Every structure is written in structure tokens, then in C-alpha cells.
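Working through the structure, step by step
Now for the letters of each chain:
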Amino acid sequence: MTSWTRTVTGDDGARAATAGVGSSDAVGQAPLLQLRGIGKNFGPVRALTDIDLDIPAGQVTALVGDNGAGKSTLIKTRTGIWEPSQGQLIWQGRTVHFRTPRDANAVGIATVYQDLALSDNLDIVQNMLLGHEVLSRTGLLDEISMEKTAKRILQDLRVTTVRNIRQPVGSLSGGQRQAVAVAKAVMLDARLVIMDEPTAALGVSQTALVLDLIERLATRGIAVLVISHNLTDVFRVADRIAVLYLGRLVTVGPLPTSTRRRQSTG
Amino acid sequence: MASVNPKGSTTTAAPAEEPEVITTPTGSAELLAGSVGEYVRIQGRRIRSGESGALPVVIGLVAIVIFFQAKNSLFLSAGNLVNLMAQSSFIITLGMAEIFVLLLGDIDLAAGFTAACGAVGALWMMALNDPWWAAVLVALAGTALYGAMQGIIVARLRLPSFVVTLAGQLFLSGLLIYLIDQTGSIGVGGVIQLHNNIINNIAGGWLSPTATWIVLLIIVGLAGLAMFYSDYRRRRAGLVAPPLSITLLKIAAVIVAGVVVVLVANTNRGRLITVEGMPWVVLVVLAILFVWTVLLGRTRFGRYIYAIGGNAEAARRAGINIVRTRTLAFMLCGLTAGMTGIIYASYLGSISSNVNGGQNVLKAVAAAVIGGTSLFGADYGSGAGAHRRGSRTSR
């Protein structure tokens, strides 16, 4: 399987190096996250076999495959929900073991799950800062600074369809909820954002909103891993594509320039 | 509207996009409105689309008042109204206790008897001539501990709170009889009397009319300042804030409500002697309400309670310690139930083994639910802002 693996080619390296303001200096060097020989068993069931995958910073990697191919399992081994049975994870050149999701969060891996993990009854600001609230000197919540932070992140990500960031998340559309979940990840200084089926339940304009957001993340130098079974969306936004079939990585590599709609910068 | 930038380029000067007009009825009308007129229009639209907030409760209350006043013209008399305030005080406090666990999606069916048992403990100590504050502290510590115990069983062992607290209710109803029995000659005939003037005065005593006006001035003054200042800070920070006219209207409404209540309380309601002034119990309940509202609405812990109630999985992934938060919530429920017990003992002058803890709990839960708390955990659909939930039970 290793023969299918390709590391960052000169083409991608050049484009990544000319990415806009805010891209980290990790771009152009070794990939941010490398999977080597990852395997996962559930008893006699082999969910994943011998996965070698590189996730470079500043680029959008798409993980595609039919249902049951092992996409979600791969994500869960990567974010500390399950430990891989074999193989190793190499983060920024160092081997790491994630025992809990918090370990993964601590190094800068943020996952936006399909269910978004948002509390419907809380508003956008409260959701974005859940678990990371800012306290004022009196020990009470510093609502003003939290709201300013949330507003700034949303503006940075050009999420402008939400007029009132104090409205309950339950009243937002699917695309807006995705945007809030992604903004939450960005706020925590994530270096790698993993999105599990971000456009699965969205309409046309909402899908466009989310894909826009994904591109903007990559421009900021964040590595994005998108799991999707929607090839149209994948071709619109991905720089690299990895195909999973029955737990094995069938092919991985940069998207051919002719099918890639996203133009290079500069 | 989101627009896909056709060039896909990352120019830093993105074209300014039109803000989308919110057509859904949700979203705080205060923050969306730019003026009083717009505020009224937004509220009207919300009510028409079914998001009526507290309006049905208010209309129901008005209907009840009209009905009973028609039946007995003494209903709206000062004496009766003040009596109602004192009578409902302990249900309101018990409702506040229940809110902590209702927000989590749990329930505490034992709270009524927790209150009674705590009160028996306090009354016993006071009958033995211990200082009243020691008796109250011991009672509150005991009920809080019991609440924490229920919380540990629910949160750690993951048993349903309905079952655990129902068992608690049965256990405590027996414990109540046992405790009163154990007091020997103090608790004769299944009733233990209250022998302390200070505690007795909570429900039985009242402030002088002058003191009542002063207290009103202080409360309304502070509330008005707080509202004005918080909106002012928001405007200064460049955030969306309610227009000044709305803020002033809210302050005016608080002043009017306060003045009305004080006028009612200061009217002579005694028959043989002059009885004028606000009963202490109203202030006690208001104080508890204020502290718990701040705790639920303005602290991290309170925020986590709402988060767990809304989506426990999201809270877990955000790193919130679910077990600890739930246990603490049950402990606070027990603590507030203890306070209820003291207020109840003050109102009745005694605690008997006939206390209907089960029925009291149902009334308390009803008070919380009518006030806007959902029985199914924190639920945004009721239309109230998170920080207003705690204050709803006073209806």
C-alpha cells in the first residue's frame, strides 16, 4: 500500500508557499500529520488496514469512500476516541498517542462531527466558548469580551449571514450551524480541522457557505481534512484526495489540476 | 446570502455582503429592534407565529384574578394579596430548588420531604436552645449533603433521577416521622413546634412601612443602575444592544411594579391592630432568587448546567465535567430545599409528620414549568433568554 502514498509534491508545495497572510510557517515543510501503517480491529473485524496518509498544512485533504469503508473509524483513531491497533501517528515530526479527545485538542486537532456537538438552547457566543469561558475579575462570566471574540472570529471567517450572534443555535440553518462549529474549532487555534460530512444535510447556498469556509481555513494555513461522500463538493474544494475502500486506502494524491475548481492564489 | 466567490481568490477585501434579515421569530427581540416601535412589531410577529413567551401565563393570571375577585370581593384586598405572597413563598423557593435539576433534564421528587426533614432538624435544635443560626446552618448542611448523595447516585451510577428521587421521597417521608418521634417530648403528637422569634418572623413578621419604602428604593435603584450600566457597557464595546428607549422602559416597568407591591404591602391589613409593611419572607425569597439567578446566568457553573441540559454530548466534548456538575446541581437543589423547609416552618409555626411533601414537590415543579423551564432539560423553544429563567418562578 505504501506505493500509493505520495508526499507533498513540488506543485502543491509551491502553491502552499504562496498562500495568503496568516498561513503558518509549517507550510512547505513536512506534512502536519502523518499516518503510518494505521490499523484498527474490533475483535475479529478489521476496520482499517495499513493506512499511510499525509495531511499537509494549508491544504484541504478529502477522505472519500462509501459508507462502511472506514472513514469515521479513521477519524476516531486520529482524534483519540479510539487507539489504533497498529501503526503510529506522527504529528509535526513527533510520534504521538492520543488517549482521549482532549489530548488531540491539546496539540491542535479539532473535529467538527456530523452532529456538530452544539447545544441548541445556548446562543452562538455561548456555544463557541463552551468549556473555554472567559471570566471577569469578579469571577463571573465576561460576556462582553466573549462576544467580541466570537464576533471577531466570525468576521475573520467571513460568516456574515448571522445577524445576531445572541440568537439560540437551534434557530440557525444547517449551514450556519456548521459555520458556528467550525468557528469554534478555529477559535481554539486548531492546526488541523477535521470535518465529518460537513455538507451532508445542507442545501445549495448553505453548502456554498461551508465550502467557502473550508477554503478560507486552508488559506489561513490550517490543515483541513474533509470526509465526504459527495464528490461534487470534494472536487470543488479539495487539494488532495484519499479514497478508502473496505478499510484500505486505495489511492491518495493531489487532485489533478483540470478537475480542481479552486484556483491558486497570487 | 452566502455567495461563492467565483474567482476563488483570497483577496483580503471581500465585498461587503448584505446582512440577512432574520425572518424567524426567535432571537431576542430586544437585540434585534432598533426602536420601541420595531420592538413592538417584532414581539407582535412572534406572538402571532406561536412564540408567545410569557403571554399565556399573564393572561391566565389575569383571568384567575378576575374570576376570584368576582366570587369574593375581598380577593384583591391588601390583606389577601399579602397573604398570598407569604403563602406561595415556600412553593416559589421549592420551585427554585427544582430548577437546578430540571435544567439538567432530571427531577427531584424528594425535595418536599428534604425540606421537611431539614426543618425538623432545625426546630429540634432550636427547641434545645441552640442559637437559631446554628440550627439553620446544620439543617442546610444536612439537606445539601442529602442532595449531593442523590446527585452522586444519579450522576455516577447513572440511575434515572425519577427513580432515585422517588425512592428518596419514600425514604424521607418515613425519616420525617422517625425524627419527630425521636425528639421525645418536644415533638408530641407528631408535631414539632417552632420556638424562635427570629425564624418565626420570617413569615410572621414584617418591616415597618418606612423601611419598606427604603428597601424598595434600594432594590429598584440597584436594579435600574445594573440594567442601565450593562446596556451602556455593551454599546461602548460596540456590540448589539437594546435601544436606550427600551432600557428606560424596562427600568420604568420595574419601578412601577415595585411601587405597586409596596403600596399593597403598606396598606393596613390588620383587623385588631395595625399591620402595615412588607413581610420579611418576601425579601428572603427575593434574596435567594437574586443569588441563584446570578449563579445560573452569570457563572461558568450555571452555563454548564444549561449546556448539559441542552446537549450532554456536546458538553462532554467541550471538556465539561458532567458528573461533577450534575452532583453539584442536586446538592444545590437539596440546599434550597433546606431553605424552603425553614420558610415553611416559619409560615406554619411547626412541622408535622402530615406535611404533604409529594404534593408540594408537584406544585413546585409546576411553578418552575409554568415559569418557562422545560421538563425535558434546557430547551430554547420556550423563547426566554437563559438569564430570565430563574426569575420566572416568581409568577
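Residues numbered from 1 in each chain as written. Chains lettered and ligands numbered in written order. Predicted model: local features only at pLDDT ≥ 70, side-chain atom pairs only at ≥ 80, totals over all residues.

1. What to know about the overall build of chain B
Helix and strand counts for chain B come out as 16 helices and 3 strands. Split into buried and exposed, the 395 residues of chain B put 37% on the buried side. Look at the contacts in chain B between residues 6 or more apart in sequence, and 76% of them connect residues 24 or more apart. (Helix = DSSP H or I, 4+ residues; strand = E, 2+ residues; numbered from the N terminus. Buried ≥ 20, exposed ≤ 12 C-beta atoms within 10 Å, placed from the backbone. Contact = placed C-beta atoms within 7 Å.)

2. Regarding the sheet that holds strand β2 (residues 45-55) of chain A
Hydrogen bonds between backbone groups are what pair the strands of a sheet, and the pairing can be parallel or antiparallel. All names here are of chain A. Spatially, the 4 strands line up as an open sheet ordered β2-β1-β4-β5, and their pairing is antiparallel. The open sheet has two edge strands, β2 and β5 (94-96), and neither has a second partner. Averaged over all neighbouring strand pairs, the angle between strand axes comes to 30°, with direction disregarded. As defined by bridge partners, strand β1 (residues 33-42) adjoins β2 across 7 bridges and the pair is classed as antiparallel. Looking across to β2, one finds that Leu35 is bridged to Leu53. (Pairing = 2+ DSSP bridges. Axes fitted to C-alpha atoms, helices over the stretch in contact; angles between N-to-C directions.)

3. Thoughts on helix α8 (residues 197-204) of chain B
Because the α-helix completes a turn every 3.6 residues, residues three or four places apart line up on one side. All names here are of chain B. Listing the buried residues of α8 in full gives Ile199, Ile202 and Ala203. Down the axis of α8, the buried set is contained in an arc of 75°. They therefore lie on one face. Where α8 is buried, its residues contact α4 (78-102), α6 (132-156), α11 (280-298) and α14 (322-348). (Arc of directions from axis to C-beta.)

4. Quick look at the sheet that holds strand β6 (residues 109-112) of chain A
Residues and elements named next belong to chain A. Across the sheet, which stays open at both edges, the 6 strands sit in the order β6-β7-β8-β3-β9-β10 with mixed pairing between neighbours. Two strands bound the open sheet, and with one partner strand each, they are β6 and β10 (248-254). The mean angle between the axes of side-by-side strands here comes to 15°, regardless of whether they run parallel or antiparallel. As judged from the 4 bridges shared by β6 and strand β7 (residues 192-196), these two strands associate in the parallel manner. In the sheet register, Val112 faces β7, and the bridge partner there is Met195.

5. A few points about the confidence of the model for chain B
Residues and elements named next belong to chain B. Here chain B averages 81 in pLDDT, and 86% of its residues register 70 or above. Scored below 50 in pLDDT, residues 1-27 shows 43 contacts in the model against residues more than four places distant or in partner chains. Every residue in residues 380-395 scores below 50 in pLDDT, and together they form 42 contacts with partners more than four places removed in sequence or on other chains. Note on the complex model: pTM 0.80, ipTM 0.75. (pLDDT = per-residue confidence, 0-100.)

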